[in-house]
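Spelled out from the first residue to the last, the chains are:
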Amino acid sequence: MNSKKKIKDPEPLVAPGKFNLWLLMLASSMLFASLVSAFIVHKPDAQAKSTWTAFDLPIFFLVSVLIAIISSVTIFVAFKAAKNDELSTNKTFLALTLGLGLAFCVTQYLGWKQLIALDLTLVNARPEDISASYVWMITGVHVLHVLGGIILLGVALFKAFKLEIHKKSMTLMSIAHTYWHFVGLLWIFLYLFLYFAQ
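Residues numbered from 1 in each chain as written. Predicted model: local features only at pLDDT ≥ 70, side-chain atom pairs only at ≥ 80, totals over all residues. Heavy atoms only, no water.

Asks: Hey, could you run me through the environment of A176 in this one?
Replies: Within the secondary structure layout, A176 lies in helix 5 (residues 171-197). Looking at A176, the relative accessible area reads 2%, which means it is buried. Separated by 87 residues in sequence, A176 and T89 place their C-alpha atoms 16 Å apart. Ignoring anything within four residues of it in the chain, the contact list for A176 reads I75, L152 and L153. (Helix = DSSP H or I, 4+ residues; strand = E, 2+ residues; numbered from the N terminus. Buried < 20%, exposed > 50% of the residue type's maximum accessible area, 1.4 Å probe, protein only. Contact = heavy atoms within 4.5 Å.)

Asks: Would you mind going over helix 2 (residues 59-83) with me for this structure?
Replies: Three- or four-residue spacings in an α-helix give side chains the same orientation, since the helix completes a turn every 3.6 residues. Given a rise of 1.5 Å per residue, 25 residues ought to cover 36 Å, and the 37 Å separating the end C-alpha atoms of helix 2 matches this to within 8%. Looking at the residues trailing helix 2, positive phi occurs at D85, about 60 degrees. (Expected span 1.5 Å × (residues − 1).)

Asks: I'm lost on the pattern of salt bridges in this one. Help?
Replies: Opposite charge on two side chains makes pairing possible when the charged atoms of those side chains draw close. Across all of its chains, the model carries three salt bridges by this definition. In this structure, K49 and D45 form a salt bridge, with 3.4 Å as the shortest nitrogen-oxygen distance. On the basis of relative accessibility, which here comes to 41%, the residue D45 falls in the partly exposed class. Between K162 and E164 there is a salt bridge whose closest N-O contact spans 3.4 Å. Overall, E164 belongs to the partly exposed group, its relative accessible area being 30%. Linked through salt bridges whose partners overlap, the residues forming this network are K159, K162 and E164. (Salt bridge = Lys/Arg side-chain N within 4 Å of Asp/Glu carboxyl O.)

This is the structure we're talking about:
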């Protein structure tokens with residue numbers, strides 16, 4: 001009696017989770033590129049018609065840049081620790097990154113409060129305050145991305161406490177690491193753009 005050997009399906013070159021992450025980051029980059037492009041196109045025309053308000057960015061937005069830089073360091077340490085099976089260090093720095101992510105959201109909220117104090121809101125009665133609407137849109141959409149990253153970090157931390165993240169199980173940690181760097185670098189770019197564009 002002939003016995004048939006089962007042929008295993010080939011392993012994918014890239015883990016499906018990582019592939020989906022890169023697609024998400026590509027789509028997000030295109031979204032922010034469209035918002036930035038709209039800002040660049042709209043500003044000269046609005047200035048020519050004297051319908052563009054110039055204002056300083058809230059200081060809390062600069063604080064959030066510093067938080068983004070520090071959290072990029074902590075997520076990198078967490079990632080390296082997982083690769084080296086330093087599980088305690090991995091959990092500590094994942095928790096630190098999660099805390100910094102929450103602090104980032106707080107600084108954004110405080111920055112928005114500063115804008116409101118200047119009577120610069122998402123929907124403005126004066127047409128010249130459309131410049132503030134762009135700031136609200138760009139920062140608001142970015143915070144939504146950060147919240148997604150915080151959820152991802154929370155799941156990774158939960159898995160780390162269950163000892164499911166280690167050098168032989170790095171997919172989730174790698175996804176969290178890559179995505180957190182993405183939202184951090186994205187914020188630095190967006191802040192610099194808004195700062196110099198104003």
